[in-house]
Amino acid sequence: MKKKMLVLMAIVMSILMSMTAFAGVWRTGAAPNENRWWYDNEDGTWASDGWQWIDGNQDGTAECYYFDSEGWMAADTATPDGYEVNGDGAWVENGLVMTQAASLPAALAHGDGNHALVVYFSRTGTTERAARRIQELTGADLVEIEAADSYPSSYSAALSRAERELDQNARPAVTTAIEDMAQYDVVYVGYPIWYGYAPRPVLTFLETYDWSGKTVVPFCTSGSSGISASLGEIRESCPGAYVTEGRRVNDVDSIEAWLNVIR
């Protein structure tokens, strides 16, 4: 019975943690952390706060690794959620390294813009520029997520409201509505990072639709924070979807190379 439960846990874990293995670079820390490893996404961010599938040697097979809040890989231990990782940091069950194919769903590969949508929330225009570039490169439809109550033009006032909404886990009303979401196989979702997370209107929008069988590709813009902390909420708001690991795209010129990797 225990063995059957372990196998079942491994299957469930594999499904729940299914995500893209983007290219990056393994690096070791500086003294006194020279024997510890972290994973550089090569876009100014790094793996942190949980599990990530990584195809470190680019052989088409990804292993799953656990990273703490500071980005250090766990090795030869039990993770906080009760799973085992070996000396190389890979998730194991009964001594077997768990793997998955390091590729995205076929939906991202077909390249048919008629079945793709780019939705974005942008207060200053930075995220909008990234969204428009993705639309240009993919031929997807483009829609802005607009809050019913617009955010103040004042930077400090807007952040004050954003912080309050985050503390309250609010869902501000939006005026944006997609008449036929069912037509889209792939939806790119863009937003700025506010206090580490997506603005609350983005979640309002996402929670309006049925995401079953769709591929959701998050992207963000940010002064310093990466996208990883926001992905948990994005996944929770899109039940049934394949939500990729996403990307911070402050540099619009880097978007084409990123899309070439994932499509």
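Above this text is the structure in question.
Residues numbered from 1 in each chain as written. Predicted model: local features only at pLDDT ≥ 70, side-chain atom pairs only at ≥ 80, totals over all residues. Heavy atoms only, no water.

Observations concerning the environment of Trp 37
Spelled out, the test is: Numbering goes from the N terminus for both helices and strands, where a helix is a DSSP run of H or I of at least four residues and a strand is a run of E of at least two.
In this structure, Trp 37 sits in strand E2 (residues 37-40). Sequence separation of Trp 37 and Gly 71 is 34 residues, and the distance between their C-alpha atoms is 8.4 Å.

A closer look at the layout of surface pockets
Short version of the rule: The pocket and cavity definitions rest on a 1 Å grid over protein atoms only: a 1.4 Å probe that fits but cannot leave marks a cavity, an open set with protein on both sides within 12 Å along at least five of seven lines marks a pocket, and residues lining either have an atom within 4 Å of a point. Grid points are joined across faces, edges and corners, and a volume is the space filled by probe spheres set on the points.
Approximately 620 Å³ is the volume attributed to the largest pocket. Along the walls of the largest pocket sit 27 residues, with Ser 48, Ile 227, Ser 228, Ala 229 and Leu 231 positioned nearest its centre. The biggest single contributor to the lining of the largest pocket is helix H5 (residues 228-237), with five residues. The calculated volume of the second largest pocket comes to roughly 370 Å³.

Regarding the sheet that holds strand E5 (residues 77-78)
Stated precisely, the cut-off is as follows: Two strands form a pair only when DSSP identifies at least two bridges running between them.
One open sheet holds the four strands; their spatial order is E5-E6-E7-E8, and the pairing between them is antiparallel. Two strands bound the open sheet, and with one partner strand each, they are E5 and strand E8 (96-97). Summarising the sheet, E5 and strand E6 (residues 84-85) pair through two bridges and their orientation is antiparallel. Paired with Thr 77 across the bridge in E6 is Val 85.

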